[in-house]
Amino acid sequence: MKTSIKTIIKMLILVVTVQSCNQDLTLQTFYVDNELQPGYTSLDVPVSMLKIDEEALTKEQKEAYESVDKLSMIAYVADDTNQDKMQAEYEILKEILEDPKYEELMRGNATEGKFVVKCIGDGDDVDEFVLLGHSFDTGFAVVRILGDDMNFTKIMQLAKVLDESNIEESQIKSITKFFK
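Visitor: I'd love a proper account of the nonpolar core, names of residues and values included.
Guide: As a rule of thumb, nonpolar side chains are buried together in soluble globular proteins. By size, the foremost hydrophobic cluster in this structure holds 19 residues, and its most contacted members are Leu50, Ile52, Phe129, Ile145, Met150 and Ile155. Discounting chain neighbours no more than four positions away, the residues touching isoleucine 155 are Ala64, Ser67, Val68, Phe129, Ile145 and Met150. Formed by 18 residues, the second largest nonpolar core is a distinct cluster that contains Phe30, Tyr31, Ala78 and Leu132.

Shown next, in the form of structure tokens:
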């Protein structure tokens with residue numbers, strides 16, 4: 001009897017150990033693995049660095065602003081010598097974002113490139129928005145908007161405020177510069 005209990009406990013520990021060693025590539029591991037690699041640039045911006053006048057926000061914009069914790073970006077800058085590597089890295093990102101936990105919200109194509117917006121969560125309970133933009137001329141970038149109980153419609157209204165504000169002096173200039 002004691003032997004079977006010991007065996008069950010050992011098996012349970014083994015199963016938990018194997019389960020915790022999941023080697024699937026995630027967006028977070030992609031960030032960590034590549035943020036210091038040649039060709040990449042990364043940026044983390046706390047929402048407080050956005051320099052938004054909260055008094056000028058509508059109720060919905062203020063709710064969106066308060067639901068965002070930080071913006072995080074990693075970008076691969078293209079040049080003539082690294083097109084193959086850029087495409088391979090971009091394919092890895094596309095594969096990561098094909099995970100069913102990412103719900104697609106929007107997709108767009110232009111002559112300069114294409115983008116997709118995905119999220120984790122649904123409705124008024126989104127914890128992460130992901131914007132993946134790609135251009136053969138400039139490279140690609142992934143912007144993660146991290147927060148609690150975010151709402152896509154309200155975040156889009158907040159994006160209008162960011163577009164109209166003077167962000168030239170803030171760290172987010174790097175993000176907007178990449179997508180221009």
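This is not the end of the story, as more comes after the structure.
Visitor: Which residues make up the pattern of salt bridges, and what values go with them?
Guide: Tallied over the entire structure, the rule returns 6 salt bridges. With a closest N to O distance of 2.4 Å, glutamate 63 and lysine 154 form a salt bridge. A residue pair is termed long-range when its members are at least 10 positions apart, and glutamate 63 in helix α3 (residues 59–67) and lysine 154 in helix α5 (residues 152–164) qualify at 91 residues.

Visitor: Describe in detail the pairing of strand β3 (residues 103–109), supporting the description with residues and values.
Guide: Here β3 pairs with strand β4 (residues 114–122) via 6 bridges, running antiparallel. Residue arginine 107 lies in a different strand from β4, and its bridge partner there is valine 116. In textbook terms, the turn of a hairpin is the stretch between consecutive antiparallel strands, and for β3 and β4 this stretch comprises 4 residues.

Visitor: I'd like a description of the environment of aspartate 24, backed by residues and values.
Guide: Positionally, aspartate 24 belongs in the loop between α1 (2–20) and α2 (27–34). C-alpha separation for the pair aspartate 24 and isoleucine 96, spaced 72 residues apart in sequence, amounts to 9.0 Å.

Visitor: Break down the sheet that holds strand β5 (residues 125–135) for me, citing the residues and quoting the values.
Guide: Pairing between the strands of a sheet is mediated by backbone hydrogen bonds and can be parallel or antiparallel. Strands sit in the order β1-β2-β6-β5-β4-β3 across an open sheet of 6 strands; the sheet is antiparallel. Every interior strand has two partners, whereas the edge strands, β1 (40–46) and β3, have only one. Neighbouring strand axes in the sheet, compared pairwise and without regard to direction, differ in orientation by 10° on average. Alignment of strand β2 (residues 68–77) against strand β6 (residues 139–150), held across 9 bridges, turns out to be antiparallel. Each bridged residue has a counterpart across the sheet, and for leucine 71 the counterpart in β6 is isoleucine 145. Of the strands in this sheet, β1, β2, β5 and β6 are in contact with α2, which crosses β6 at around 130°. Its contacts with the sheet place α3 against β2 and β6, and it is angled at close to 70° to β2.

Visitor: Before we move on, could you go through the pairing of β4 and cite the residues and values that matter?
Guide: Where β4 meets β5, 9 bridges bridge the pair, whose relative direction is antiparallel. When the bridges of β5 are listed, isoleucine 120 appears paired with glutamate 128.

Visitor: Could you give me a rundown of the packing of aromatic side chains, with the residues and numbers involved?
Guide: Applying the stated rule across the entire model yields 6 aromatic pairs. A centroid spacing of 4.8 Å and a plane angle of 75° characterise the contact between tyrosine 40 and tyrosine 76, whose relative ring orientation is edge-to-face. Taken together, the positions of tyrosine 40 in strand β1 and tyrosine 76 in strand β2 put the pair 36 residues apart, joining distant regions of the chain. Neither tyrosine 40 nor tyrosine 76 differs from the other in exposure class; each is buried. With a relative accessible area of 2%, tyrosine 76 lands in the buried category. Feature note: the residues Phe30, Tyr40, Tyr76, Tyr90 and Phe140 constitute an aromatic cluster, connected by ring pairs.

Visitor: So what's going on with the packing of α2 against helix α4 (residues 83–96)? Residues and values would help.
Guide: Working note: a packed helix pair is described by the angle between its axes plus the distance between those axes. Packing of α2 against α4 leaves a shortest axis separation of 10 Å and a crossing angle of 155°. Here α2 is positioned roughly antiparallel relative to α4, judged by the angle of their axes. Taken together, the residues of α4 that come into contact with α2 (itself represented by Leu27, Phe30 and Asn34) are Glu89, Ile92, Leu93 and Ile96. Partitioned by chemical class, the residues of the contact of α2 with α4 number 5 nonpolar, 1 polar and 1 charged.

What counts, and where the lines are drawn
- Residues numbered from 1 in each chain as written.
- Predicted model: local features only at pLDDT ≥ 70, side-chain atom pairs only at ≥ 80, totals over all residues.
- Heavy atoms only, no water.
- Core = buried A, V, L, I, M, F, W, Y, C linked by side-chain atoms within 4.5 Å.
- Buried < 20%, exposed > 50% of the residue type's maximum accessible area, 1.4 Å probe, protein only.
- Contact = heavy atoms within 4.5 Å.
- Salt bridge = Lys/Arg side-chain N within 4 Å of Asp/Glu carboxyl O.
- Helix = DSSP H or I, 4+ residues; strand = E, 2+ residues; numbered from the N terminus.
- Pairing = 2+ DSSP bridges.
- Axes fitted to C-alpha atoms, helices over the stretch in contact; angles between N-to-C directions.
- Phe/Tyr/Trp six-rings, centres within 6.5 Å; stacked < 30°, edge-to-face > 60°.
- Parallel < 35°, antiparallel > 145°, perpendicular 65-115°, else oblique.
- Nonpolar A, V, L, I, M, F, W, Y, C, P; charged D, E, K, R; others polar.

Spatial relationships are all this shows, so hold off on functional conclusions.
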